[in-house]
Amino acid sequence: MSTQTNPERTVLGRLNRGLMPIEDAANLLAAFAIMALMILGVLQIVLRTVFNTPIDGYIDLVELSMASMAFLGAAYTQRLGSHIRMELLIGRLSGRALWAVEALGAAIAMFIIGVLIYYSYGHFMRAYTLGDTTIDAEYVTWPSKLLVPIAFSIWWCRLALQFLGALRLVVYPNATPIAVVIAKDVAEQAQDEIHEVMGDAADLSDPGDSK
């Protein structure tokens, strides 16, 4: 494999680019679920305190929304490296040793998520075949339970790409990184978070340009 190949034209690059819109869409759905729950909570307070007519099955709706909020954004977070990472050891490594440890970590995570996919799909099938419902309002639970193996499957695909990307860098440590998380120092991470919130307005000119 040539290290001079355009990263976007490699198979790994195309797979990485193809998975990104799916992760973005899943994360957007999680954000919509959080917003909807906040709106629902406000309506519940207003209707209960002002009109004394609480929303029927409010607690059940909150429970059913938990899966989308908790898991749909996992793959997106994994891609950005925004999750909690134990970097006390990894931060001291570089080159092949770094990417070998990253590949090992991704492989372990793939195994764990694979097990969770298997059992969460089993929970979905039981809920679907038995017609499981919530206790209070008796809403069907299988759509919420189906989101869990779907979200985990997207997450597993992201981990697989990171595993392959890390293995590629073990073999070719000077190649352009693809589908892997690049460790950043505190200043870089803070700047990225500011830019994510404020957008282009956060791009400050070089202090050396000011007079």
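This structure is a prediction, so every number in the text was calculated from the model and none was measured.

Reading the values: the criteria
Residues numbered from 1 in each chain as written. Predicted model: local features only at pLDDT ≥ 70, side-chain atom pairs only at ≥ 80, totals over all residues. Heavy atoms only, no water. Helix = DSSP H or I, 4+ residues; strand = E, 2+ residues; numbered from the N terminus. Buried < 20%, exposed > 50% of the residue type's maximum accessible area, 1.4 Å probe, protein only. Salt bridge = Lys/Arg side-chain N within 4 Å of Asp/Glu carboxyl O. pLDDT = per-residue confidence, 0-100. Contact = heavy atoms within 4.5 Å. Phe/Tyr/Trp six-rings, centres within 6.5 Å; stacked < 30°, edge-to-face > 60°. Core = buried A, V, L, I, M, F, W, Y, C linked by side-chain atoms within 4.5 Å.

1. A look at unusual backbone geometry
- We note that Asn 52 has phi near 55 degrees; this positive angle belongs to a residue other than glycine.
- Considering the arrangement of structural elements, one finds Asn 52 in the loop between helix H1 (11-49) and helix H2 (58-71).
- In this model, Glu 138 sits at a positive phi of 60 degrees, which is unusual for a non-glycine residue.
- Looking at the secondary structure, you find Glu 138 in the loop between helix H5 (95-130) and helix H6 (142-171).
- Its relative accessible area of 57% is what places Glu 138 among the exposed residues.

2. Quick word on the pattern of salt bridges
- Counted according to the given criterion, the structure contains 4 salt bridges.
- Of the charged contacts, one joins Glu 23 and Arg 158 as a salt bridge, the two residues approaching to 2.6 Å between their closest N and O atoms. Residue Glu 23 is located in helix H1, and its partner Arg 158 is located in helix H6; the two are separated by 135 residues in the primary sequence. Take Glu 23 and Arg 158: they sit in the same class, and that class is buried.
- Across the pair Lys 145 and Asp 132 runs a salt bridge whose closest N-O atoms are separated by 3.4 Å. Linking Lys 145 in helix H6 with Asp 132 in the loop between H5 and H6, this pair joins segments that are 13 residues apart in sequence.
- Judged by relative accessible area, Lys 145 falls into the partly exposed class, the value being 31%.
- In the salt-bridge network here, residues are joined through shared partners; they are Glu 23, Asp 24, Arg 79 and Arg 158.

3. Quick notes on the confidence of the model for the protein chain
- For the protein chain, the average pLDDT comes to 85, and 81% of its residues sit at 70 or higher.
- Of all the helices and strands in the protein chain, helix H7 (residues 186-198) carries the lowest mean pLDDT, 63, while H6 carries the highest, 95.
- Of the regions scoring below 50 in pLDDT, residues 204-211 engages in 0 contacts with residues more than four places distant in sequence or in other chains.

4. Let's talk about the packing of aromatic side chains
- Taken as a whole and judged by the stated rule, the model has 7 aromatic pairs.
- An angle of 85 degrees between the planes, with centres 5.1 Å apart, marks the rings of Tyr 118 and Tyr 119 as edge-to-face.
- Residue classification places Tyr 118 among the exposed positions, given a relative accessible area of 59%.

5. Looking at the nonpolar core
- Grouped together as the largest cluster of nonpolar side chains are 11 residues: Leu 12, Leu 19, Ala 26, Ala 30, Leu 72, Ala 75, Ala 151, Ile 154, Leu 161, Ile 178 and Ala 179.
- Elements that contribute at least two residues to this core include exactly H1 and H6.
- If one sorts the elements of this core by residue count, H1 sits on top with 4 residues.
- Sequence-distant contacts of Ala 179, defined by excluding residues within four places in its chain, comprise Asn 16, Arg 158, Leu 161 and Gln 162.

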